[in-house]
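Here are the chains, one letter per residue:
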Amino acid sequence: MTIECENLETRYSASLRRPILNGIDCTINTGEFVALLGLNGAGKSTLLRAMVGLVPLQRGIIRINGVVTCGNFVEGGDDGRDARSTRGDSTRGYSTTNTKNMSLVEQASRLRSRSPFVKTVSTRRDIGMLFQGGGLIRQLSAIENVLCGRLGGLPTWQTLWGFPKSDRRLALDLLAQLGLKEQAYQKTGQLSGGQQQRVAIARALIQNPQILLADEPITGLDVMAAKQVMEILSDLRSQKGMTIVTVLHDLSLASAYAERAIVLDAGRIVYDGPCQNLQSQFAEFVRSN
Ligand SMILES: Nc1ncnc2c1ncn2[C@@H]1O[C@H](COP(=O)(O)OP(=O)(O)OP(=O)(O)O)[C@@H](O)[C@H]1O
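- Under an unreviewed UniProt entry, the name given to the protein chain is ATP-binding cassette domain-containing protein, and the organism recorded is Aerosakkonema funiforme FACHB-1375.

This is the structure we're talking about:
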């Protein structure tokens, strides 16, 4: 699966005096291990979130495997001609219907009837996301947190009856593969930072994604736990051919595990290339964790 980002630009931010993302062009190819680097506030998390459609774009489009999944969704510009932008600029992507007077049911059925959006939904399911800090529910056990990763793939009625046995088995297998068999029924709030991060990885993997986007997966971990997490990401790529894009602050770990680095500064890409010699080129980006 490829992720193509074409001229991405977010809305102008008055506090920054620029868009958060400001003309991002990059293509992530199948099976690549990419480190997203840059100073605090450079736009790394925003770019990662934009790739899964969590950030509205002012300009530009994102294609996943050639399917447009995110673009400039302009309110009120559509008269029923299936959402091509009326501005005549193909990079502006799709506009949305004026939905103000439509019921939720009408809006949902309209979205389903528009083929680009239908593809969008299924294409995004191929992407797993590890959020900053893990995003786990501390009161739930490790296995319950992992099963939460299945919620999007099940019809609502099925979740009322609990998760199927096959899902529970899969969740246990994933936890065991990540070295957490003993901790499967322990509350995640009682686990160490490294263990929690592995639960978060298992939760992303239960969707069986082809692409894994990880936002600072090793921040706050000690050296050993950080290496373990990086090894897991590296194995997912080498053994399952998964595409990995991860935000990192540690240049030496980026050089050790990733093959390609994309360095952001003030919302722009200032370097896109191999990870060798990153330290000498970008010494100022080193930050103690
Ligand atoms: N929802 C938002 N509304 C307004 N500004 C935002 C929003 N999200 C992020 N920003 C701003 O955009 C800039 C980029 O944020 P982002 O989190 O993408 O940076 P980052 O490179 O991931 O930083 P860090 O390394 O600190 O996590 C920051 O200045 C941030 O304050």
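More follows now that the structure is in view.
Overview of the sheet that holds strand 7 (residues 67-70)
Link 1 in the chain: With antiparallel pairing, four strands are arranged side by side in an open sheet as 4-1-6-7. Each end of this open sheet is capped by a strand with a single partner; those strands are strand 4 (22-28) and strand 7. Strand-to-strand, the axes of this sheet are offset by a mean angle of 25°, without reference to chain direction.
Link 2 in the chain: Of the strand pairs in this sheet, strand 1 (residues 3-9) and strand 6 (residues 59-64) are connected by five bridges, and their pairing is antiparallel. Residue Cys-5 lies in a different strand from strand 6, and its bridge partner there is Ile-62.

Considering the environment of Gly-179
Link 1 in the chain: Residue placement: Gly-179 occurs in the loop between helix 6 (165-177) and helix 7 (193-205).
Link 2 in the chain: Once the C-alpha coordinates of Gly-179 and Gln-279 are considered, the two residues, 100 residues apart in sequence, prove to be 32 Å apart.

Points about the site of the ligand
Link 1 in the chain: Inspection of the region around the ligand gives Ser-13, Leu-16, Ile-20, Gly-38, Asn-40, Gly-41, Ala-42, Gly-43, Lys-44, Ser-45 and Thr-46 as its neighbouring residues.
Link 2 in the chain: Of the residues contributing to the shell around the ligand, the split by class is three nonpolar, seven polar and one charged.

Topic: the pairing of strand 10 (residues 243-247)
Link 1 in the chain: In terms of burial, strand 10 is largely enclosed, as five of its five residues are buried.
Link 2 in the chain: The side-chain alternation of strand 10 yields two buried faces, one formed by Thr-243, Val-245 and Val-247 and the other by Ile-244 and Thr-246.
Link 3 in the chain: Here strand 5 (residues 33-38) runs beside strand 10; their pairing, made up of four bridges, is parallel. Residue pairing in the sheet places Val-34 in a bridge with Val-245 of strand 10.
Link 4 in the chain: With five bridges joining them, strand 9 (residues 211-215) and strand 10 adopt parallel strand pairing. Within the sheet, the bridge partner assigned to Ala-214 lies in strand 10 and is Thr-246.
Link 5 in the chain: At this point the chain moves from strand 9, through helix 8 (residues 223-240), to the parallel strand 10, and the crossover so formed is right-handed.

Remarks on the nonpolar core
Link 1 in the chain: Ranked by size, the top nonpolar core spans 71 residues in total, and within it Leu-36, Val-146, Ala-202 and Ala-254 carry the most contacts.
Link 2 in the chain: Broken down by element, this core gets its largest block of residues, six residues, from helix 7.
Link 3 in the chain: Ignoring sequence-local partners within four residues, the contact set of Val-146 consists of Ala-171, Leu-174, Leu-175, Val-199, Ala-202, Arg-203 and Ile-206.

Quick notes on the sheet that holds strand 9
Link 1 in the chain: Within the open sheet, the six strands sit side by side as 8-9-10-5-11-12. Their pairing is mixed. At either end of the open sheet lies a strand with only one pairing partner, and these are strand 8 (127-130) and strand 12 (268-274). Strand-to-strand twist in this sheet, taken as the mean axis angle between neighbours without regard to direction, amounts to 15°.
Link 2 in the chain: Strand direction decides the pairing type here: strand 8 and strand 9, joined by four bridges, are parallel. Considered in strand 9, the bridge of Met-129 is made with Leu-213.
Link 3 in the chain: Strands strand 8 and strand 9 of the sheet are contacted by helix 7, whose axis makes an angle of about 160° with strand 8.

Rules behind the numbers
- Residues numbered from 1 in each chain as written.
- Predicted model: local features only at pLDDT ≥ 70, side-chain atom pairs only at ≥ 80, totals over all residues.
- Pairing = 2+ DSSP bridges.
- Helix = DSSP H or I, 4+ residues; strand = E, 2+ residues; numbered from the N terminus.
- Axes fitted to C-alpha atoms, helices over the stretch in contact; angles between N-to-C directions.
- Near = placed C-beta within 6 Å.
- Nonpolar A, V, L, I, M, F, W, Y, C, P; charged D, E, K, R; others polar.
- Buried ≥ 20, exposed ≤ 12 C-beta atoms within 10 Å, placed from the backbone.
- Right-handed = clockwise from strand over helix to strand, strands pointing away.
- Core = buried A, V, L, I, M, F, W, Y, C linked by C-beta atoms within 7 Å.
- Contact = placed C-beta atoms within 7 Å.

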